[in-house]
Amino acid sequence: MTSQRNPWWALAALIVGYFMILMDMTIAAVANPAIMSDLDADVTEVIWVTSAYLLGFAVPLLAAGRLGDRVGPKYLYLAGLTVFTLASLWCGLSGTVDMLIVARGVQGIGAALLVPQTMAVIARIFPADQRGAAMGVWGGAAGLATLVGPLLGGVLVDSFGWQWIFFLNIPVGILALALGAWLLPVLPTGMHRFDLVGVLFSGIGLFLLVYGIQEGEHQHWSAQVWLLIGGGLVTMVVFVIHQAQADGEPLVPLSLFRDRNFALSSLAVAAMGVGFNAAMVPAYFYFQGVRGLSPTAAALVLAPMALGTVVCAPPAGRFAARLHPAVLPGAGFALLASVIGGLALLVADPDAPLVVFAVIAAFGGVANGCIWAPLPAIATRNLPAHQSGAGSGVYSTTRQLGAVLGSAAIAALIAARLSAHGFDGETEVHGAVTGTVPPALRAAFSAAMSESMYLPGLALLAGVIASMLFVRNRPELLPAPATVLDRDAELVSL
């Protein structure tokens, strides 16, 4: 029997798991002081709680995109959800910061299996005239998740303890598994070769690069640190050369980058990953350390950013196809860079009015909606169906690579600026970050956090430049949505 299935129901199922995965990118930011205090961790260790997740997320993404093409995106999506949900339980039960870091890395692996499948499914089940709107919902959910994370995390930390930011994932993960098993179609697959050498090179290169950057300040930028960073860069160069020379199906088909808008979208989303993730860490340290706010109150200050994203992302996704591709993302990146710069100026003042933070954050939400919603649609518009998994994996990887490099870089920069402003030794830094900063040190701590925030602001300018170089979309060349198998394994046409 054949039936007509509404692809929007499948999108709704995808969004539940996708939202939870991306929320965990930022949910730990507001809990950092509590984790530091409870597990007796230093600044570098507590930021590794976030970086381990981002690194575990980034390294397998390329392979996960290709694997989804081979075994089917539905099955890999469900496998990723299972790993993520079980790892969330492990995180909540962790009694040491080292155990928490390892558990967060496993969480990231689960996320990596899941995320490329969401983008690939959308690209294959929606007709061309609806794909922009669907990508707008998908992109809006991405932006909203990274903003809701700190707010929800603040409530949970204040009410129950930091462990509950992970325990919450268990019922949500079970719900997402049930919805995914019920509503997601089984898409046709082919026999794809798996580039194990490429997986090895990309994984080693990313790990060495991120580990070296994040440990740099902690190890006083020793020769060993620079060897790690250099080794990571060399390994990534070897990876690119291998991809260019690989027979059959490379992990990253370099032909994807012949499409100018895909290449520029990947660069822009990497800049977004650096900018947004790096900006939140010093902001929340300031709110809790200098202003003495609780985690919930700190998150509420920036809550208007989430509201702005909710309001602006859906219409941005709908209208993006009617405008030149450069318009909305370019405006969004320029506005967001200005917002981060404005927040940095405010953070420099230990007594800046909190209402001004909230107003500026609302403009940040508008900017987020203009970026997250249209960017994935611009990236995937001209990709053929057989490269949807690879393209989704590359796009998602560049975003996560930006996020993990931003997290590593902000950890090193915060430590360096605190040292430059007179915070000597791990004990003094630990005391300042986990409690209210003494009045005599408030100005110095504020200055250190403010100076750290200029890094993400500058990164977002790369997104402005990339967006301005987008070219007008070509006429739609993609075939009609793929034929799929429904949950009863019957052939249906969407």
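Report on the accompanying structure. As the structure is a computational prediction, the values presented were derived from the model and not from experiment.

Moving on: the overall build of the protein. Scanning the protein from terminus to terminus reveals 20 helices and 2 strands. Going through the 494 residues of the protein one by one, you find that 59% of them count as buried. Long-range contacts, defined here as pairs at least 24 residues apart, represent 85% of the contacts in the protein between residues at least 6 apart. Looking at the protein as shown, the accessible area adds up to about 17800 Å², and 70% of this sits on carbon and sulfur atoms.

Quick look at the environment of Glu45 now. Within the element layout of this structure, Glu45 appears in helix H3 (residues 43-58). Given a relative accessible area of 27%, Glu45 falls into the partly exposed group. Sequence spacing of Glu45 and Ile101 is 56 residues, and the spatial spacing of their C-alpha atoms is 8.3 Å. Once you skip the residues sitting within four places of it in the chain, Glu45 turns out to touch Asp40, Val97 and Ile101.

One non-glycine residue with positive phi stands out, namely Asp40, at about 55°. By secondary structure assignment, the location of Asp40 is in the loop between helix H2 (32-39) and H3. Take Asp40: its relative accessible area is 62%, and that puts it in the exposed class.

A word on the packing of aromatic side chains. For the coordinates displayed, the defined rule picks out 14 aromatic pairs. Taking the centre distance of 6.3 Å and the plane angle of 65° together, the rings of Tyr284 and Phe287 count as edge-to-face. Of this pair, Tyr284 and Phe287 both sit in helix H12 (residues 260-289), 3 residues apart, roughly one helical turn. The same class applies to Tyr284 as to Phe287, namely buried. Through successive ring pairs, a cluster of aromatic residues spans Tyr284, Tyr286, Phe287 and Phe357.

Side chains of Val355, Val356, Val359 and Phe363 sit close together on the surface and give an oily, nonpolar patch of about 350 Å² of accessible area. In this fold, Phe363 is placed in helix H16 (residues 354-372). For Phe363, a relative accessible area of 47% gives the class partly exposed.

We now examine the environment of Asp259. Along the chain, the position of Asp259 falls in the loop between helix H11 (223-245) and H12. Asp259 sits 212 residues away from Val471 along the chain, and the two C-alpha atoms are 10.0 Å apart. Separated by 3.2 Å, the side chain of Asp259 and the backbone nitrogen of Asn261 make a polar contact.

Our focus in this paragraph is the state of the cysteines. Considering all chains together, one arrives at 0 disulfides under this definition. You can see Cys370 has no disulfide; the closest cysteine sulfur is in Cys312, sitting 6.1 Å from it. The class for Cys370 is buried, based on a relative accessible area of 14%.

Moving on to the packing of helix H14 (residues 303-319) against H16. With their axes 7 Å apart at the nearest point, H14 and H16 run at an angle of 25° to one another. By the criterion of interaxial angle, the relationship of H14 to H16 is roughly parallel. Along this stretch, H14 crosses H16, giving a crossing that reads as right-handed. Residues Pro304, Met305, Gly308, Thr309, Cys312, Ala313 and Ala316 of H14 form the contact with H16, whose participating residues are Ala358, Ala361, Ala362, Gly364, Gly365, Val366, Asn368, Gly369 and Cys370.

The rules behind each value
Residues numbered from 1 in each chain as written. Predicted model: local features only at pLDDT ≥ 70, side-chain atom pairs only at ≥ 80, totals over all residues. Heavy atoms only, no water. Helix = DSSP H or I, 4+ residues; strand = E, 2+ residues; numbered from the N terminus. Buried < 20%, exposed > 50% of the residue type's maximum accessible area, 1.4 Å probe, protein only. Contact = heavy atoms within 4.5 Å. Areas by Shrake-Rupley, 256 points an atom, 1.4 Å probe, with all protein chains shown as cover. Phe/Tyr/Trp six-rings, centres within 6.5 Å; stacked < 30°, edge-to-face > 60°. Patch = residues over 30% accessible without salt bridge, like charges linked within 9 Å, V, L, I, M, F, W, Y side chains within 5 Å. Salt bridge = Lys/Arg side-chain N within 4 Å of Asp/Glu carboxyl O. Polar contact = N/O pair within 3.5 Å; in protein donor to acceptor, adjacent residues only side chain to side chain. Disulfide = S-S within 2.5 Å. Axes fitted to C-alpha atoms, helices over the stretch in contact; angles between N-to-C directions. Parallel < 35°, antiparallel > 145°, perpendicular 65-115°, else oblique. Left-handed = near helix turned anticlockwise from the far one by under 90°.

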